[in-house]
Amino acid sequence: CVCVCFPLCVCVLLSSNFVMAGAHIVKVNFEPLRARTACLVGHASKPRGPLHRVLHGHPLNHAVQLVVPASLATFDMDSVMGKAAPCGTCCLSLAALLAPDVLQLIRDGRLCMVSLHTRIDCDDCVALLPTGELVLSLSKSTYEKAGLQGVRAECSPAKFVVRVNLAAASFTVDSACYQRLKWSFETRLTAQLSLLCCYVKAGVCDVSALSVLPGFVPATNRGLASKKTSCLVPALEERRDRLCVEGTDQQELLEWIGAVSCNVPLDKGSADSWISHFRAPDHCTEQPCTVYRHEGMIACESIAQLVQRTREQLKSTECPWAALTVWGFADAPVSWNGLEHGYQENGENSYTVVMFRDGAYGVYVSTCQHDFFS
């Protein structure tokens, strides 16, 4: 459903593509937002399988949600989710990233940062990847002022992308690259930025190490738990072969998980609601369902630990499957494997892992039309 608003006038739908707004006829695109979905399958016995590549290739994670067709009594959610992985915010200029103690922090561990309250298609956005690569997505005016070497963005032609590896061995205070970057950050790109950040060293999140960042304020990812006593849950274990092939079953599963995320009623008769006309697949059965969600900034290592704990719980309980969904930042400069990310029609960059008791799993990767995924 699309609503088109014009001040002080009434809009009348003339056809499927045109709207009468006062004395004007306006063409409106009612087509749904376009996204792409890829399905990858694997088994827990192969630790370097498709899940490993997808999980560690998507470093900027905003939220994670675990859905299990069981009550809390039969599935120990606390042991699976553990404590909320720490993250925090900081307010600094880009020049602060070139301080010796910050550069040492980047080289000793895996520091992730992404700018807050910025829109990738029209604002200047910043991201620091765990590899130490700094990515600047700049408007044309900012890029020309910065005096740095970059390339025109492929997702948003009006933007330019500058990349610098702060963890490279050649990036020293005496190098020409360092001196040029320092000059630009101290004289041209001097604005204060609000950044969301997390830090991992030796596989453990360490929020205390981030105290070297100017204006750092520690925070905790928000954990939200909900238990549905009666919910229409799909029987995935009976349709595993179909879920590995692009088609109706795969689409129904992703729509069902989306309905759970949006807290759409999923009991019998809920399709008559004027809020949502979503109807659960015919093969669903009515049973309890537990949903747990974390929001904030979540490191890849934390998600990998969550996957491992979920597999252990599946083996020790009668729960047949569990679905883990991870959402990336819609306005981050990069999404998959450090490749460029754009928003335009939608900023989709997420993936869902469906795990079964025998170790088999399927990964469903969703990207927006302008993203690059390999």
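All values derive from a computational prediction rather than experimental measurement.

1. A word on the nonpolar core
Piece 1. Met-113, Leu-136, Leu-166, Phe-171, Phe-185 and Leu-213 are the most contacted members of the largest nonpolar core, which totals 38 residues.
Piece 2. Apart from residues lying up to four places away in sequence, Leu-213 is in contact with Cys-90, Leu-92, Val-102, Met-113 and Cys-197.
Piece 3. Of all hydrophobic cores here, the second largest spans 25 residues; its members include Val-54, Cys-300, Ala-322 and Tyr-361.

2. Points about the pattern of salt bridges
Piece 1. On inspection of all chains with the given rule, the structure shows 4 salt bridges.
Piece 2. One salt bridge connects Asp-123 with Arg-119, and the closest N-O pair in it is separated by 3.2 Å.
Piece 3. Put simply, Arg-293 and Glu-295 hold a salt bridge, and the shortest N to O gap is 2.8 Å.
Piece 4. By relative accessible area, Glu-295 is classed as buried at 14%.

3. Some thoughts on the confidence of the model for the chain
Piece 1. On average, residues of the chain carry a pLDDT of 82, and 78% of them reach 70 or more.
Piece 2. Predicted confidence for residues 1-16 stays below pLDDT 50, and this span has 25 contacts to residues more than four positions away or in other chains.

4. Observations regarding helix H5 (residues 176-187)
Piece 1. For H5, spanning 12 residues, the distance from its first C-alpha to its last is 16 Å, which sits close to the expected 16 Å at 1.5 Å a residue.
Piece 2. If you check which residues of H5 are buried, you get Tyr-178, Leu-181, Ser-184 and Phe-185. Buried residues of H5, seen end-on, are gathered within an arc of 135° and therefore sit on one face of the element.
Piece 3. As for H5, its buried residues are in contact with helix H3 (100-108), strand E9 (133-139), helix H4 (140-146) and strand E11 (159-165).

5. Quick word on unusual backbone geometry
Piece 1. One non-glycine residue with positive phi stands out, namely Ala-202, at about 55°.
Piece 2. Mapped onto the elements of the fold, Ala-202 is located in the loop between strand E12 (193-201) and strand E13 (204-205).
Piece 3. Residue classification places Ala-202 among the exposed positions, given a relative accessible area of 80%.

6. Re the pairing of strand E5 (residues 61-68)
Piece 1. Along E5, 7 of the 8 residues are buried, which leaves the element largely enclosed by surrounding structure.
Piece 2. As paired elements, E5 and strand E16 (residues 284-298) share 7 bridges and run antiparallel to each other. Each residue of the ladder has a partner; that of Gln-65, found in E16, is Arg-293.
Piece 3. For E5 and strand E17 (residues 321-328), the ladder comprises 6 bridges, and the chain directions are antiparallel. Bridge pairing links Leu-66 to Leu-324 in E17.

7. With respect to the packing of aromatic side chains
Piece 1. Summed over the entire model, instances satisfying the criterion amount to 4 aromatic pairs.
Piece 2. Pairing Tyr-143 with Phe-160 gives two aromatic rings, centres 4.5 Å apart and planes at 0°, and the pair type is stacked. Here Tyr-143 is found in helix H4, whereas its partner Phe-160 is found in strand E11, with 17 residues between them in sequence. One exposure class covers both Tyr-143 and Phe-160, and it is buried.
Piece 3. With 6.0 Å between their ring centres and 55° between their planes, Trp-336 and Tyr-351 make a pair best called tilted. With Trp-336 in the loop between E17 and strand E18 (349-356) and Tyr-351 in strand E18, this residue pair connects regions lying 15 residues apart in the sequence.

Calculation rules
- Residues numbered from 1 in each chain as written.
- Predicted model: local features only at pLDDT ≥ 70, side-chain atom pairs only at ≥ 80, totals over all residues.
- Heavy atoms only, no water.
- Core = buried A, V, L, I, M, F, W, Y, C linked by side-chain atoms within 4.5 Å.
- Buried < 20%, exposed > 50% of the residue type's maximum accessible area, 1.4 Å probe, protein only.
- Contact = heavy atoms within 4.5 Å.
- Salt bridge = Lys/Arg side-chain N within 4 Å of Asp/Glu carboxyl O.
- pLDDT = per-residue confidence, 0-100.
- Helix = DSSP H or I, 4+ residues; strand = E, 2+ residues; numbered from the N terminus.
- Expected span 1.5 Å × (residues − 1).
- Arc of directions from axis to C-beta.
- Pairing = 2+ DSSP bridges.
- Phe/Tyr/Trp six-rings, centres within 6.5 Å; stacked < 30°, edge-to-face > 60°.

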